[in-house]
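# Reading the structure
Chain by chain, the residues:
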Protein chains: 4
Amino acid sequence: MPISIDLAFAFRMEKVTDVLLQFEAAIIPEQTLIETDTWVTTGEHFARISAQDDIGERVWIRAEGRYDVSYKAKVAVNRLPAEIGNLEYLLPHDLPGEAVQYLFDSRYCPADRFQPFVEAEFGGTEGGARVAAIHDWMVQNLAYEPGSSTPNTTALDSFIERRGICRDFAHVMVTLARASGIPARFVSCFAPGVDPPDFHAVAEVFLTDPTTPGGGAWFLVDATGMSGPDEIVKIGVGRDAADVSFITSFGPTEFLEKHVRVTREA
Amino acid sequence: MPISIDLAFAFRMEKVTDVLLQFEAAIIPEQTLIETDTWVTTGEHFARISAQDDIGERVWIRAEGRYDVSYKAKVAVNRLPAEIGNLEYLLPHDLPGEAVQYLFDSRYCPADRFQPFVEAEFGGTEGGARVAAIHDWMVQNLAYEPGSSTPNTTALDSFIERRGICRDFAHVMVTLARASGIPARFVSCFAPGVDPPDFHAVAEVFLTDPTTPGGGAWFLVDATGMSGPDEIVKIGVGRDAADVSFITSFGPTEFLEKHVRVTREA
Amino acid sequence: MPISIDLAFAFRMEKVTDVLLQFEAAIIPEQTLIETDTWVTTGEHFARISAQDDIGERVWIRAEGRYDVSYKAKVAVNRLPAEIGNLEYLLPHDLPGEAVQYLFDSRYCPADRFQPFVEAEFGGTEGGARVAAIHDWMVQNLAYEPGSSTPNTTALDSFIERRGICRDFAHVMVTLARASGIPARFVSCFAPGVDPPDFHAVAEVFLTDPTTPGGGAWFLVDATGMSGPDEIVKIGVGRDAADVSFITSFGPTEFLEKHVRVTREA
Amino acid sequence: MPISIDLAFAFRMEKVTDVLLQFEAAIIPEQTLIETDTWVTTGEHFARISAQDDIGERVWIRAEGRYDVSYKAKVAVNRLPAEIGNLEYLLPHDLPGEAVQYLFDSRYCPADRFQPFVEAEFGGTEGGARVAAIHDWMVQNLAYEPGSSTPNTTALDSFIERRGICRDFAHVMVTLARASGIPARFVSCFAPGVDPPDFHAVAEVFLTDPTTPGGGAWFLVDATGMSGPDEIVKIGVGRDAADVSFITSFGPTEFLEKHVRVTREA
């Protein structure tokens, strides 16, 4: 049951401008690209670079005027769902070096300020049980409200106002996990079941599965409840939304339109 | 004229705790370690991992009770001072992949919010001339005031209140550079001339020197005016202070004392 | 040349709800109401109370379902334009007691944080000359951009992002005046020339006119440049926008529509 | 069992400066001043003005150099303790005009942002029961930690970090009460039992006691648990701490010392 992705968006640059895009399914072991087709307007420059943690690619373009992007893909997700609550905590000093940066605060995730809260609310749990407890708390306390946040909204804002969209849910999960000493990163992705259809965002936590060998691994967790690990197609990862915007423009750009359709094939 | 470093600090952990330390001069081409001596209390665990961008090392320790760290080093700095104002801008799409993350917002550097300001205040300059203009603006508008900031203080706070310490000056420089499309990172370092003596922090911007071959490079800039590139001994780098704290504790820790002495040898 | 006001708005309450409204021209010496007509839906309760500083009235209603408000007025403004730059500063201890609260910080006006900025930028001026200098600085540095702010936007946000709407301009003026030791309040008003037509907001500062007897008085200042003191029809005043919202609902309310037309009669 | 107050503080002004002080027990029906003695350094100017809501007085001084204030008083508190949980809610439209401003957001109390939280956490309670529920929640979730906050700390910060001092506890109580539609103000006061001895701050909510005639009244609530209504000596009230600072200086001032001793007479 592969996932079909149909994406199109367009923007206009008044003058020649550099724009960074990240919108394609990443080529990584946990998801197989069966078909893929990327089409963009021809401009002055088009180049691909590796994205964060070598997950997916960023595309630099340099162009002027209207710019259209169209992307179609069929992806088989090989990832097995894990029972988050059964995963175990790795002592910080046992973390691989590349996971360490995901313990630190980032633009939208001021985790250090939440240490007293997580201790008080989730004390007595650790590792996967902690993440499951955070997930349950979020389901009970945060409302999914389209239009309730802005690009400046941080996890702190969403925590206070008890509402947000997928981006905000991912930020709150990342923040409370990091405040618990668990590395957590932000995942930009496609998923069927996102309503209204759009890019999706979830969190990923670094834990270890006691039933499999080999140390720690990243495990997806979507506190919005809109997607499961067996249907999430990753685009990229980062500290938070600041790192994996699907479009970052280095000059004035007018956004024109966006259409996202993600379906599970029969 | 090497730089001599003499550092000692101590903290106490009530129970067995993981602590991440980063306090030693980095071994990198631009600075040669002539002598070095690290001494720490013996604990349950001591291990080194590479730090961000492979500059310096982080040390994981796991211990209980009082923990002492003592570090002595003599370092020759090979870095040549550059005339910041003569450096040139690299178009974003010409940046090496590893510099791209330093264009993005981070915990203490909400750069996107400053785009209108940098355009209005520094419009007409770019590249090194932009950095020099930011530097001059900071010298005129920011006061160096020990005790004026807290660990929660962001570049936005320092910009509003027009004051800060080295950490805050570095954050403002990083923020305004990124808002100008110039990759900028935070550098934790040792430098003589820091008063009162302590760890120091400066910014580093990614530009290109038209008189030397080979694309872009990182150039140090210290808007506090307390240190120059030929006497800065780098410890580590990061998006901002969240990434290169000299001590990050994963449990309750009481900080006991710190002594820093950095001198230029005759 | 009186000012004609034609206002209509409507909202819907799912269940019986208390709502506080403030939308009518205030009856105060500086503006004469030639004609006035207020019409509202009949509900459970309708009562008027004096508004802040006895300028205008607040209306409490209690109702359910759709609620319509319609208001028409013709107002002669008797206020003489003053040359702000010629007004003089009153020493804080010479202020009348009721002006003192307007020296303090409020929700959207964290004035204390701007003391270093006003000293650095406007040092050497005081009183009306200070306000004129702030006004000029704002004209040069802030862009009027509909849609650029939200109900959470503070003067600090607008100062950083260098843009806002009338509400934000008034907040910045109030903040920088208070940081300069000048009492300043927020004025909700009607004015022709507001584009797009809507309620308007300006600031008012407490200074003294050396050419007229009798201590201090409040003087209007509109840093957006959209209105002058001889055409501003005051609705109410407050510490900031938190005090003079035209609608404050004590329960879930859906806002349906608003039409504002303000014209200068021939 | 009157309360004895012994207060002394001193500060230094480099040049002639206006300073606003508010440090004396208010003369109001609920507390009788048996003895009172205020002594201050002689300066250029000394004048009293009524403070907010006519509770207590503010003192304007204008002076230069070292300035000493000494204040001794013996106060009988006539206020009867009320069982907060039994008090009843007044519909907003039944509030007296002067209570309405205490429904609005203020500098340190961004109440509107907490409406979803209070609904979720305390839904099903109203009036005094709501205040009692907030009080219990605070006792369970906030730690009293001297040194944990700064003059910039808002109720939002304290709520996130789950700690603060009396000023912060009062701000959180005021914020959550206002978010619940209950007018709430900040009370600066003296109280025995404050440890370490200092000025104290509590909240006051506007509710109605069903067992006594005559509409609503203000009721004290101290979520720190350090004082009860029968031993609180009010100095002044305000929207929040911004309105009732014991010292507000309109020029550079160095604070020198402060001694506060409040005892319950045998």
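Residues numbered from 1 in each chain as written. Chains lettered and ligands numbered in written order. Predicted model: local features only at pLDDT ≥ 70, side-chain atom pairs only at ≥ 80, totals over all residues. Heavy atoms only, no water.

Per an unreviewed UniProt entry, chain A carries the name Transglutaminase family protein and comes from Pelagerythrobacter rhizovicinus.

Our next topic: the interface of chain C and chain B. For an interface, size is often stated in terms of accessible area lost upon the parts coming together. The interface of chain C with chain B comprises 10 residues on the first partner and 10 residues on the second. Both sides of the chain C and chain B interface together cover about 1200 Å² of buried area, and 56% of this is carbon and sulfur. Area buried by chain C at its contact with chain B is led by Arg113(C), Ile160(C) and Arg162(C), which between them contribute 49% of it. The tally of links between chain C and chain B comes to four salt bridges. Here chain C and chain B share four residue pairs in polar contact (both at pLDDT 80 or more) between them. Elements with a minimum of two residues in the side of chain C that touches chain B: helix H2 (115–122) and helix H4 (155–161) of chain C. Across the side of chain C that touches chain B, the residue classes break down as six nonpolar, no polar and four charged. (Contact = heavy atoms within 4.5 Å. Buried area = accessible area lost by both parts, 1.4 Å probe. Salt bridge = Lys/Arg side-chain N within 4 Å of Asp/Glu carboxyl O. Polar contact = N/O pair within 3.5 Å; in protein donor to acceptor, adjacent residues only side chain to side chain. Helix = DSSP H or I, 4+ residues; strand = E, 2+ residues; numbered from the N terminus. Nonpolar A, V, L, I, M, F, W, Y, C, P; charged D, E, K, R; others polar.)

Turning to H2(C), its buried residues are Phe117(C), Val118(C) and Phe122(C). Angularly, the buried residues of H2(C) cover 95 degrees about the axis, an arc narrow enough to put them on a single face. In H2(C), the exposed positions angled more than 90 degrees off the buried face are occupied by Glu119(C) and Ala120(C). Turning to H2(C), the residues buried within the fold contact helix H4 (155–161) of chain B together with helix H3 (127–141), H4 and helix H5 (166–179) of chain C. The first or second residue beyond H2(C) is Gly124(C), which carries a positive phi of 95 degrees. (Buried < 20%, exposed > 50% of the residue type's maximum accessible area, 1.4 Å probe, protein only. Arc of directions from axis to C-beta.)

Quick look at empty space enclosed by the protein now. If you walk through the whole model with that rule in mind, you get six cavities of 30 Å³ or more. The calculated volume of the largest cavity comes to roughly 50 Å³. If you trace the largest cavity, you find it lined by Phe104(A), Leu20(B), Leu21(B), Gln22(B), Arg58(B), Ala242(B), Asp243(B), Val244(B), Ser245(B) and Thr248(B). (1 Å grid on protein atoms, 1.4 Å probe; cavity = no way out; pocket = protein on both sides within 12 Å on 5 of 7 lines; lining within 4 Å. Points joined across faces, edges and corners; volume = space filled by probe spheres on them.)

Quick look at the domain arrangement of chain A now. Residues and elements named next belong to chain A. What the domain assignment reports for chain A is domain 1 (3–77 + 244–264) and domain 2 (84–243). The gap between the C-alpha centroids of domain 1 and domain 2 is 24 Å. Contacts between domain 1 and domain 2 engage 27 residues on the former and 27 residues on the latter. Area buried by domain 1 at its contact with domain 2 is led by Gln52, Val244 and Val260, which between them contribute 30% of it. (Domains from an automatic or database assignment.)

Once that is clear, we can look at the interface of chain B and chain A. With 29 residues of chain B at the contact, the number on the chain A side is 29 residues. For the pair chain B and chain A, the two sides together bury roughly 2700 Å², of which 61% comes from carbon and sulfur. It is His93(B), Phe104(B) and Arg107(B) that lose the most area in chain B upon contact with chain A, and together they represent 24% of the buried surface on that side. Inspection of the region where chain B meets chain A yields six residue pairs in polar contact (both at pLDDT 80 or more). Broken down by secondary-structure element, the contributors of at least two residues to the side of chain B that touches chain A are strand E1 (3–21), strand E3 (45–50), strand E4 (57–77) and helix H1 (97–100) of chain B. With three residues, E4(B) is the single largest residue contributor to the side of chain B that touches chain A.

Turning next to the sheet that holds strand E10 (residues 233–238) of chain C. Residue and element names in this part refer to chain C. Strand order across the open sheet formed by four strands is E9-E8-E7-E10, with antiparallel pairing between neighbours. Lying at the two open borders of the sheet, with one neighbouring strand each, are strand E9 (216–221) and E10. Recorded for the sheet is a direction-independent mean angle of 35 degrees between the axes of neighbouring strands. As paired elements, strand E7 (residues 184–190) and E10 share five bridges and run antiparallel to each other. Residue pairing across strands places Cys189 opposite Lys234, the latter belonging to E10. Of the strands in this sheet, strand E8 (200–208) and E9 touch H3, which is tilted by about 155 degrees from E8. (Pairing = 2+ DSSP bridges. Axes fitted to C-alpha atoms, helices over the stretch in contact; angles between N-to-C directions.)

This next bit is on the UniProt feature "domain: Transglutaminase-like" (unreviewed entry) in chain A. Per the UniProt record, the feature "domain: Transglutaminase-like" (unreviewed entry) sits at residues 158–225 of chain A. Helix makes up 26% of residues 158–225 of chain A and strand 35%, and the two end C-alpha atoms of the span are 17 Å apart. (UniProt positions renumbered as here; feature names shortened; annotations may be inferred.)

Further remarks concern helix H5 (residues 166–179) of chain B. Think of an α-helix as turning once every 3.6 residues; residues three or four places apart then point the same way. All names here are of chain B. An ideal rise of 1.5 Å per residue puts 20 Å on 14 residues; H5 measures up with 20 Å between its terminal C-alpha atoms. Along H5, 14 of the 14 residues are buried, which leaves the element largely enclosed by surrounding structure. Two residues or fewer past H5, Gly181 is found with a positive phi of approximately 80 degrees. (Expected span 1.5 Å × (residues − 1).)

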